[in-house]
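Understanding the architecture of this molecule
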Amino acid sequence: MATALCPGSFDPVTYGHLDIIERTARHFDDVIVAVIRNPQKSQSLFTLEERQELLHESLAHVPNVRIEFFKGLLVEFAKQHGASSIVKGLRAISDFDYELQMAQMNQRLSGIDTFFISTTPQHSFLSSSLVREVARFGGDVSSMVPPIVVERLQGRFREEV
Ligand code: PNS
């Protein structure tokens, strides 16, 4: 059975993430969405449990996907779960340098290969950080994230006002 990992911070999940996860699920028996416990990039907006819940709701229609948390090295988590592949989305050439470096490091550490899926062009500008920023200032993100995420973002930023 071929298991793939789709790792990320998912703070919050976007239609760009869902596109990559759904397409990965067509090629592998089993997909684990690996949510990092402590994203290095920034303070998270949503807690781990909230990020998991939003992913869970948004992926309820995909039977061979499950959501797990991880901390430490991704390749150690992959080995523990018998995952032979990592799958990432590439939005633009600007993603490429860092993604290639991580893929090569992960390959060197573990022998686990990374496969890249090109993002659907309508999502190529999309990132969780921009969605957070637009939502924070009251912009419309309903074409970028599922309705439940829109709701949560509105609730979160209403609290801040
Ligand atoms: O959604 P993100 O924040 O771009 O996801 C980045 C993530 C979680 C995939 C990456 O930071 C990661 O794999 N971190 C785990 C730590 C690790 O294994 N580092 C070595 C990678 S070469």
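Report follows, based on the coordinates. (Residues numbered from 1 in each chain as written. Predicted model: local features only at pLDDT ≥ 70, side-chain atom pairs only at ≥ 80, totals over all residues. Heavy atoms only, no water.)

**With respect to the nonpolar core**
Of all hydrophobic cores here, the largest spans 34 residues; its most connected members are Ile21, Val33, Leu55, Leu59, Val65 and Leu153. Put simply, the parts of the chain that give this core at least two residues each are β1 (3-8), α1 (15-25), β2 (30-36), α2 (48-58), β3 (65-70), α5 (128-136) and α6 (147-160). Top contributing element to this core by residue count: α6, with five residues. Non-local contacts of Val33, meaning those with residues more than four positions away in its chain, are made with Cys6, Phe10, Ile21, Leu55, Leu59, Val65, Arg66, Ile67 and Glu68. Of all hydrophobic cores here, the second largest spans eleven residues; its members include Ile36, Phe70, Phe77 and Ala78. (Core = buried A, V, L, I, M, F, W, Y, C linked by side-chain atoms within 4.5 Å. Buried < 20%, exposed > 50% of the residue type's maximum accessible area, 1.4 Å probe, protein only. Helix = DSSP H or I, 4+ residues; strand = E, 2+ residues; numbered from the N terminus. Contact = heavy atoms within 4.5 Å.)

**Quick look at empty space enclosed by the protein**
Inspection of the entire model under this criterion finds one cavity of 30 Å³ or more. Approximately 30 Å³ is the volume attributed to the largest cavity. Lining the largest cavity are Leu74, Ile86, Lys88, Glu99, Met102, Ala103, Asn106 and Thr114. At the level of secondary structure, the elements contributing two or more residues to the lining of the largest cavity comprise β4 (85-90) and α4 (93-110). (1 Å grid on protein atoms, 1.4 Å probe; cavity = no way out; pocket = protein on both sides within 12 Å on 5 of 7 lines; lining within 4 Å. Points joined across faces, edges and corners; volume = space filled by probe spheres on them.)

**Looking at the pattern of salt bridges**
Summed over all chains, the structure comprises nine salt bridges. Close ionic contact of Arg66 with Asp30 constitutes a salt bridge, the shortest N to O distance being 2.8 Å. Placement of the pair is Arg66 in strand β3 and Asp30 in strand β2, with a sequence separation of 36 residues. With relative accessibility at 13%, the residue Asp30 sits in the buried group. A salt bridge links Glu76 to Lys79, with the shortest nitrogen-to-oxygen separation between them at 3.4 Å. Residue Glu76 and its partner Lys79 are both found in helix α3 (residues 74-80); the two are separated by three residues, about one turn of the helix. Residue classification places Lys79 among the partly exposed positions, given a relative accessible area of 46%. Here the residues in one salt-bridge network are Asp30, Arg66 and Glu68, joined through shared partners. (Salt bridge = Lys/Arg side-chain N within 4 Å of Asp/Glu carboxyl O.)

**Considering α4**
With 18 residues, α4 ought to run about 26 Å at 1.5 Å a step, and its terminal C-alpha atoms sit 26 Å apart, in line with that. Buried within α4 are the following residues: Asp95, Glu99, Ala103 and Asn106. Taken together, the buried residues of α4 touch α3, β4 and β5 (113-118). (Expected span 1.5 Å × (residues − 1).)

**A look at the environment of Ala60**
Tracing the backbone through its elements, the reader meets Ala60 in the loop between α2 and β3. Since its relative accessible area comes to 65%, Ala60 is described here as exposed. It is 20 Å that separates the C-alpha atoms of Ala60 and Phe46, two residues lying 14 residues apart in sequence.

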